[in-house]
Amino acid sequence: MTSPPRKICSYQVDAEFRITLVAGDWAKFAVENAAPELAHPVSLRQRTLFSYIADEATRQVYRAMFDRVAARAKPITVPLRCDSPHVRRFLELTISPREGGGFHLDSSLLRTEPRPYLALLDATHPRSHELIRMCGWCKAVQVNEDWVELEQGVEMLDLFGRNALPEIKHGVCKSCYAGLRENFGPHT
Ligand SMILES: [Zn+2]
């Protein structure tokens, strides 16, 4: 795809990270990305952004990026994947400072790639009590000590055709952590 980035979701948080405004295809996007609880923007208001992020490492990444944006008073942009069972979506997330405190967060779609249906990303597929760790930024999954592409992970863990699939637990893979670190901290 060569079309320019399409803004698909924008929101803003105040200085206490409470979500104060949501715009764009948020509801559609949330449902397609297996987060139906995020599909009702009204319920988002007054909750903090961090209350939606279960993983401690991911919270740290966000905090570090916010610190950086605030310290430099300049936006940062990082790559992000936001896949559905049928589509790989390559996005970028831009965090900008707001006058008077708080931040704007804008996600733009750069390109998409169709993929054969991947049950692991289908929120309606039955789940077992097992857990699989998935990088919230690039969608790699952890197999033992390694992080591998989703499809590769499904194959390595022999998840094809399973009646119940592991529950997804989000985290940050090593290579995203290293890449995101460039955007960390006010003094780096
Ligand atoms: Zn990653």
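Here, every reference points to the structure presented above.
These numbers were taken from a predicted model, which means no experiment stands behind them. (Residues numbered from 1 in each chain as written. Predicted model: local features only at pLDDT ≥ 70, side-chain atom pairs only at ≥ 80, totals over all residues. Heavy atoms only, no water.)

Q: Explain the coordination of the zinc ion here, please?
A: The expected angle between donors at a tetrahedral four-coordinate metal is 109.5 degrees. At an octahedral six-coordinate metal it is 90 or 180 degrees. Taken together, Cys 135 (SG), Cys 138 (SG), Cys 173 (SG) and Cys 176 (SG) make up the full set of protein donors to the zinc ion, lying 2.3 Å away. In the primary sequence, the donor residues of the zinc ion line up as C-x2-C-x34-C-x2-C. Given the relative accessible area of 0%, Cys 135 is considered buried. (Donors = N, O, S within 2.8 Å, 3.2 Å for Na, K, Ca; no water. Buried < 20%, exposed > 50% of the residue type's maximum accessible area, 1.4 Å probe, protein only.)

Q: I tried to follow unusual backbone geometry on my own but got confused; where do I start?
A: If a residue is not glycine, its phi is most likely negative; likewise, a peptide bond is most likely trans. Positive phi, normally seen in glycine, also occurs at Lys 139, with a value near 70 degrees. Within the secondary structure, Lys 139 sits in the loop between strand E6 (127-135) and strand E7 (141-143). Classification of Lys 139 as buried rests on a relative accessible area of 9%. Look at Asp 158: it is not a glycine, yet its phi comes out positive at around 55 degrees. (Helix = DSSP H or I, 4+ residues; strand = E, 2+ residues; numbered from the N terminus.)

Q: What am I meant to see in the layout of surface pockets here?
A: One simple way to see leftover space: roll a probe sized like a water molecule over the atoms. In this structure, the second largest pocket spans a volume of roughly 170 Å³. Secondary-structure elements contributing two or more residues to the lining of the second largest pocket are strand E3 (76-81), strand E4 (87-97) and helix H5 (174-181). Partitioning the lining of the second largest pocket into residue classes produces ten nonpolar, three polar and one charged. (1 Å grid on protein atoms, 1.4 Å probe; cavity = no way out; pocket = protein on both sides within 12 Å on 5 of 7 lines; lining within 4 Å. Points joined across faces, edges and corners; volume = space filled by probe spheres on them. Nonpolar A, V, L, I, M, F, W, Y, C, P; charged D, E, K, R; others polar.)

Q: So what exactly am I meant to see when it comes to the side chain of Arg 89 here?
A: Note that Arg 89 resides in strand E4. We classify Arg 89 as buried; its relative accessible area is 9%. For Arg 89, the side chain forms a polar contact with the main-chain oxygen of Cys 82, separated by 3.0 Å. (Polar contact = N/O pair within 3.5 Å; in protein donor to acceptor, adjacent residues only side chain to side chain.)

Q: In this structure, what is going on with the packing of aromatic side chains? I would like to understand it.
A: Two numbers describe a pair of aromatic rings. These are the distance of the centres and the angle of the planes. Tallied over the full model, the rule gives seven aromatic pairs. With centroids separated by 5.0 Å and ring planes inclined at 45 degrees, the aromatic side chains of Phe 17 and Phe 66 adopt a geometry described as tilted. Of this pair, Phe 17 sits in the loop between strand E1 (6-13) and strand E2 (19-24) while Phe 66 sits in helix H3 (residues 56-72), placing them 49 residues apart in sequence. Using a relative accessible area of 16% as the deciding quantity, one classes Phe 17 as buried. For the ring pair Phe 17 and Phe 103, a centre distance of 6.0 Å and an interplane angle of 10 degrees mean the geometry is stacked. (Phe/Tyr/Trp six-rings, centres within 6.5 Å; stacked < 30°, edge-to-face > 60°.)

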